[in-house]
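# Summary of structural features
Chain by chain, the residues run as shown.
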Amino acid sequence: MSNAVASAAAAAAPALRLEGLERRLGERLILAGIDLTVAAGECLALLGPSGCGKSTILRLIAGLDRPDGGRILIGGRDMTCVPAGRRQVAMVFQSYALYPHLSVARNLSLGMELRGVPRQRREESVARVLAMLQLEGFSDRRPADLSGGQRQRVALARALLREPRVFLLDEPMSNLDAQLREELRPQLRAILCGGQAPVVYVTHDQQEAMGIADRIAVLQDGRLQQCGTPQELYGRPANVVVASFIGRPQINLLPMDDGTVLGIRPEHLHPVAEGGLPVQVLSREWHGASQQLTLASRHGELRWTTDGSQVIGDALQLGWEPRHEHRFRQATGERC
Ligand SMILES: Nc1ncnc2c1ncn2[C@@H]1O[C@H](COP(=O)(O)OP(=O)(O)OP(=O)(O)O)[C@@H](O)[C@H]1O
């Protein structure tokens, strides 16, 4: 291939591509044939329960671990056997790993110093990321004198300064409290989407994945269940695993006599005067603007999110619009 043809092919290639990635530990298959692509500037969330293989995928992309099958391509180039240090991949973990004895500014500039970046450019870059992450007043502080959220932003800033070709984040907000996580979410999204590097963001929190990512890949037991936009996964889950993982409170899954499972989201139920499913209120939990009710029905317990004033013991009938029904095969869990 000529240089011009090769560079045109690289430009057209996805920024990050995983092809049939496989990882075994002894007899156990930890990852089974993972195929994923991430475009430049796109944020892909890896979502799934503990042990599903999310961190293993990140470690393989970073080069901290080797796959037993498949390939990792960055900008069209096969990086599967390239050592970690030469992949230009930045990874942010849940623990911040900042140098405790150095100021914020030094923590940020050290990597550039080691790479021989001239002083003036270092100072400009540090000032730029501090402003971007709203940390301007903190450059002289030590990590111990920062809050958890501020420390995590410094860790992010340090990763941004590496100008990586791929950005990997492993549950970067899991050490922060729920309120701070919510506050940081839009900031993080703006920062991650502002760059050219593809971003892979690991989380087990579906709300965080929906809030931050352009697309979500749902994993279970080392297998990719579905990959799509948050709206696609919510609106047309490919199987009961995805249906249960996306959307809170969890979707109702009701086994039917015809060998299917009927899926109805709690927010899509509404009271009807007649011809609906008879239910009785078992318990209630206030969520501010709405309440979540647990109901007894002939198909088992149901969850219903409503702004109504029902109380425990109330009996009523519920309906739903046909367009909100999801049908899955009982035998396989796959969408019908
Ligand atoms: N060094 C190891 N030795 C044995 N098993 C391992 C090792 N590393 C990972 N595993 C197993 O591989 C599977 C995938 O682990 P991985 O850490 O990728 O999952 P995860 O989805 O990131 O989980 P979590 O959300 O808990 O971090 C798990 O079942 C785990 O027990």
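Quick caveat: nothing in here was measured; it's all calculated off a predicted structure.

As a further point, take the overall build of the protein. Within the protein, the regular secondary structure consists of 9 helices and 18 strands. The principal-axis extent of the C-alpha atoms belonging to the protein is close to 75 × 50 × 40 Å. Relative to its full complement of 336 residues, the protein shows a buried share of 33%. Counting contacts in the protein only where the partners sit at least 6 residues apart, residues at least 24 apart contribute 63% of the total.

Our next topic: the nonpolar core. If you look at the biggest cluster of nonpolar residues, it comprises 78 residues, and the most contacted ones within it are A45 and L168. Top element by residues in this core is helix α5 (residues 148-161). It accounts for 7 residues. Residues from two domains meet in this core; each of domain 1 (26-88 + 164-248) and domain 2 (266-329) gives at least three.

Before going further, it helps to examine the sheet that holds strand β9 (residues 215-220). Spatially, the 6 strands line up as an open sheet ordered β6-β7-β8-β3-β9-β10, and their pairing is mixed. If you trace the sheet from one side to the other, it starts and ends with β6 (89-92) and β10 (223-228), each paired once. The mean inter-strand angle of the sheet, taken between neighbouring strand axes irrespective of direction, is 20 degrees. Sheet topology places β6 next to strand β7 (residues 166-170); 4 bridges connect them, and they run parallel.

With that settled, the discussion passes to the pairing of strand β8 (residues 199-203). Taken across its 5 residues, β8 has 5 buried, putting it largely inside the fold. Here β8 shows no split at all, with V199, Y201 and T203 on one side and V200 and V202 on the other all buried. Examined bridge by bridge, β7 and β8 share 4 bridges and lie parallel to one another. Bridge pairing in β8 links F167 to V199. Read from β7 through helix α6 (residues 178-194) to β8, the crossover connection turns out right-handed.

It is worth spelling out the pairing of strand β15 (residues 291-297) at this point. Pairing between strand β14 (residues 277-286) and β15: 6 bridges, direction antiparallel. Bridging across to β15, R284 finds its partner in L293. Between β14 and the antiparallel strand that follows it, β15, lie 4 residues; G288 among them carries a positive phi value of about 90 degrees. The pairing of β15 with strand β16 (residues 300-306) spans 7 bridges and is antiparallel. From the neighbouring strand, A296 faces β16, where its bridge partner is E301. Here β15 folds back onto β16 in antiparallel fashion, the turn holding 2 residues.

This part covers the site of the ligand. All residues in the neighbourhood of the ligand are listed as L25, I30, G48, S50, G51, C52, G53, K54, S55, T56 and H204. Among the elements that make up the shell around the ligand, the one with the highest residue count is helix α2 (residues 54-62) (3 residues). Residue composition of the shell around the ligand, grouped by class: 3 nonpolar, 7 polar and 1 charged.

Residue P249 is reached from R248 by a cis peptide bond, and omega for that bond is -10 degrees. With respect to the secondary-structure elements, P249 resides in the loop between α9 (240-245) and β11 (252-255). In this structure, E171 is a non-glycine residue whose phi angle is positive, near 45 degrees. If you trace the backbone, E171 turns up in the loop between β7 and α6.

If you check the domain split of the protein, you get domain 1 (26-88 + 164-248) and domain 2 (266-329). Computed from C-alpha atoms alone, the centre-to-centre distance between domain 1 and domain 2 is 34 Å.

Okay, the packing of helix α3 (residues 104-114) against α5 next. Taken N-terminus to C-terminus, the directions of α3 and α5 make an angle of 20 degrees; their axes are 9 Å apart at the nearest point. Here α3 is positioned roughly parallel relative to α5, judged by the angle of their axes. Of the two elements, α3 crosses α5, and the hand of that crossing is right-handed. Counting all contacts with α3, which are made through V104, N107, L108, G111 and M112, the residues of α5 involved are V154, A157, R158 and L161. Here the residues of the contact of α3 with α5 sort into 6 nonpolar, 2 polar and 1 charged.

Right, let's talk about helix α4 (residues 119-132) for a bit. Spanning 14 residues, α4 covers 20 Å between terminal C-alpha atoms, matching the ideal 20 Å at 1.5 Å per step. Backbone geometry just downstream of α4 places Q134 in the positive-phi region, at approximately 55 degrees.

This brings us to the sheet that holds strand β18 (residues 326-329). In spatial order, the strands read β11-β12-β18; together these 3 strands make up an open sheet with antiparallel pairing. Either end of the sheet is taken by a strand with one partner, and the two such strands are β11 and β18. Neighbouring strand axes in the sheet, compared pairwise and without regard to direction, differ in orientation by 30 degrees on average. With 4 bridges joining them, β11 and strand β12 (residues 260-264) adopt antiparallel strand pairing. Within β12, the residue paired with P255 across the bridge is V261.

Procedures and definitions
Residues numbered from 1 in each chain as written. Predicted model: local features only at pLDDT ≥ 70, side-chain atom pairs only at ≥ 80, totals over all residues. Helix = DSSP H or I, 4+ residues; strand = E, 2+ residues; numbered from the N terminus. Buried ≥ 20, exposed ≤ 12 C-beta atoms within 10 Å, placed from the backbone. Contact = placed C-beta atoms within 7 Å. Core = buried A, V, L, I, M, F, W, Y, C linked by C-beta atoms within 7 Å. Domains from an automatic or database assignment. Pairing = 2+ DSSP bridges. Axes fitted to C-alpha atoms, helices over the stretch in contact; angles between N-to-C directions. Right-handed = clockwise from strand over helix to strand, strands pointing away. Near = placed C-beta within 6 Å. Nonpolar A, V, L, I, M, F, W, Y, C, P; charged D, E, K, R; others polar. Parallel < 35°, antiparallel > 145°, perpendicular 65-115°, else oblique. Left-handed = near helix turned anticlockwise from the far one by under 90°. Expected span 1.5 Å × (residues − 1).

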